[in-house]
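Observations on chain architecture
Take a look at the letters that make up each chain.
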Amino acid sequence: MKRRLKKLLKLCLLVFISVCLFEVVYRIYIIDFYKNSFTALNEPKVLKKKRTDFLIFGDSFSAFPNGYVEQLKSQNPEKSFLNFSVSGIGIKQTNLFAKQKIKKYNPDVVIYQVYVGNDLIDVQNVTNWETISFQRNIYWKVSDVFLSLRYLNQNFAFLKQQKNLKSDFTSSFDENKYNFREKLLVTANPYNIENSVLINEDFELRYKVWKEELERFLKSISNNRKVYIVFIPHKAQLNSFYFDTMGKIGVKFSNHQQIFATNYPFLEKAKTDFKNNKNVTFLNPLSYFREMDKAENRLYFENDEHLNEVGQQVLSNYLSEEILK
């Protein structure tokens, strides 16, 4: 029994050391961990260049296949675009490689895409020991410290996610087919969306960390380069259609009017905190999205919180007007 216990302790120690070493390598970013993602989003000849007109960072909204970045490229062939967005990451992971990419490609313009729905949760996971499994809570807690665990989990989940995007997410609303992760977050706290939009409760602390990380990101960009921070709204902010469907999967709101406000606290607080950064412009497409979202032409998937093909085109049109013209 003692021998088995010793072996188990040695194994646990070995696993812990291995995880710590991998975390160090990941944090230092001596290997380009997201190389495959970047290669898939950019032409090899463009990646070999020493400069670019536009450098884009973001999450799955910007890494969307044939999404707004690709449309900007096709509409502006005289301009060069490099897309270093990665599905499932937040500002912390972006900061691992952003400085390196900015230095290497010397862009005229940097675009950083923010998603109101989960960027503050990416900073620190939500937990709930009563409604979520013990294993899931442990993973969320540990992955707040070991970012490399998120990287591993994202890679394991990638194929499944792609399959879902092609099937359930493209169909009409069905709460049984709705994105599993989003429903899981609702189970953890049905007020997560409201807390993100309004910076309520402990999301104030999350915002503080997010702000520090964004400061770090902006410090890697010289003042003579233009920076656009694009805030993608959560679909519940647009209109009653999305607002009501979110209610059907258990999302709760205590203040309807504030959720529909065009100048909402998350965005306004960021604009105030970074008002001294003269080269930084915050873009809010919420009003434009509201105008363009119609019953016959929805901008978001009905069973997921991402922009669909129409929404990506609308975002491309918005950015063309705000940035390129």
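Further up the page is the structure itself.
Since we're looking at a predicted model, the values are computed, not measured.

On the surface, Lys2, Arg3, Arg4, Lys6, Lys7 and Lys10 cluster together to form a positively charged patch. You can see Lys2 is positioned in helix α1 (residues 2-28).

What follows covers the side chain of Asn125. By secondary structure assignment, the location of Asn125 is in the loop between α6 (119-123) and α7 (134-145). Taking relative accessible area as the criterion, Asn125 reaches 8% and is therefore assigned buried. Only 3.2 Å separates the side chain of Asn125 from the side chain of Ser143, close enough to count as a polar contact. When neighbours within four sequence positions are excluded, Asn125 is seen to be in contact with Trp140, Ser143, Asp144, Arg150 and Arg206.

In this section: the sheet that holds strand β4 (residues 226-232). In spatial order, the strands read β2-β1-β3-β4-β5; together these five strands make up an open sheet with parallel pairing. Among the strands making up the open sheet, the edge pair consists of β2 (81-83) and β5 (280-283). If you compare each strand with its neighbour and ignore which way they point, the axes differ by 20° on average. As judged from the seven bridges shared by strand β3 (residues 109-115) and β4, these two strands associate in the parallel manner. Following the sheet pairing, Val110 is matched in β4 by Val227. Along the sheet, helix α11 (residues 203-219) contacts β1 (54-57), β3, β4 and β5; its crossing angle with β3, the most-contacted strand, is approximately 165°.

A cluster of nonpolar residues, Leu5, Leu8, Leu9, Leu11, Leu14 and Val15, forms a patch on the protein surface that exposes about 580 Å² of accessible area. Locating Leu9 in the fold gives a position in helix α1. On the basis of relative accessibility, which here comes to 54%, the residue Leu9 falls in the exposed class.

The next subject is the side chain of His234. With respect to the secondary-structure elements, His234 resides in the loop between β4 and α12 (240-248). According to the relative accessible area criterion, His234 is buried, its value standing at 0%. At a separation of 2.8 Å, a polar atom in the side chain of His234 contacts the side chain of Glu305. Once residues within four sequence positions are removed from consideration, His234 is found in contact with Tyr115, Val116, Gly117, Ile193, Met246, Tyr300 and Glu305.

A word on the packing of helix α5 (residues 91-105) against α11. Direction vectors running N to C along α5 and α11 enclose 15°, while the axes themselves pass 10 Å from each other. Taken together, the axis directions place α5 and α11 in an arrangement best described as roughly parallel. You can see that α5 and α11 cross each other, and the crossing is left-handed. Note on element contacts: α11 touches α5 through Val209, Trp210, Glu213, Leu214, Arg216 and Phe217, opposite Ile91, Lys92, Thr94, Asn95 and Ala98.

Turning our eyes to something else, we now look at the pairing of β1. What you see with β1 is no split at all: Phe54 and Ile56 on one side and Leu55 and Phe57 on the other are buried throughout. With helix α4 (residues 68-75) bridging β1 and its parallel neighbour β2, the resulting β-α-β unit is right-handed. Looking at chain direction, β1 and β3 are connected through four bridges and run parallel. Across the sheet, residue Ile56 finds its bridge partner in β3, namely Ile111.

Each value, and the rule that gives it
Residues numbered from 1 in each chain as written. Predicted model: local features only at pLDDT ≥ 70, side-chain atom pairs only at ≥ 80, totals over all residues. Heavy atoms only, no water. Patch = residues over 30% accessible without salt bridge, like charges linked within 9 Å, V, L, I, M, F, W, Y side chains within 5 Å. Areas by Shrake-Rupley, 256 points an atom, 1.4 Å probe, with all protein chains shown as cover. Salt bridge = Lys/Arg side-chain N within 4 Å of Asp/Glu carboxyl O. Lys, Arg positive; Asp, Glu negative; His and termini not counted. Charge placed at Lys NZ, Arg CZ, Asp CG, Glu CD. Helix = DSSP H or I, 4+ residues; strand = E, 2+ residues; numbered from the N terminus. Buried < 20%, exposed > 50% of the residue type's maximum accessible area, 1.4 Å probe, protein only. Polar contact = N/O pair within 3.5 Å; in protein donor to acceptor, adjacent residues only side chain to side chain. Contact = heavy atoms within 4.5 Å. Pairing = 2+ DSSP bridges. Axes fitted to C-alpha atoms, helices over the stretch in contact; angles between N-to-C directions. Parallel < 35°, antiparallel > 145°, perpendicular 65-115°, else oblique. Left-handed = near helix turned anticlockwise from the far one by under 90°. Right-handed = clockwise from strand over helix to strand, strands pointing away.

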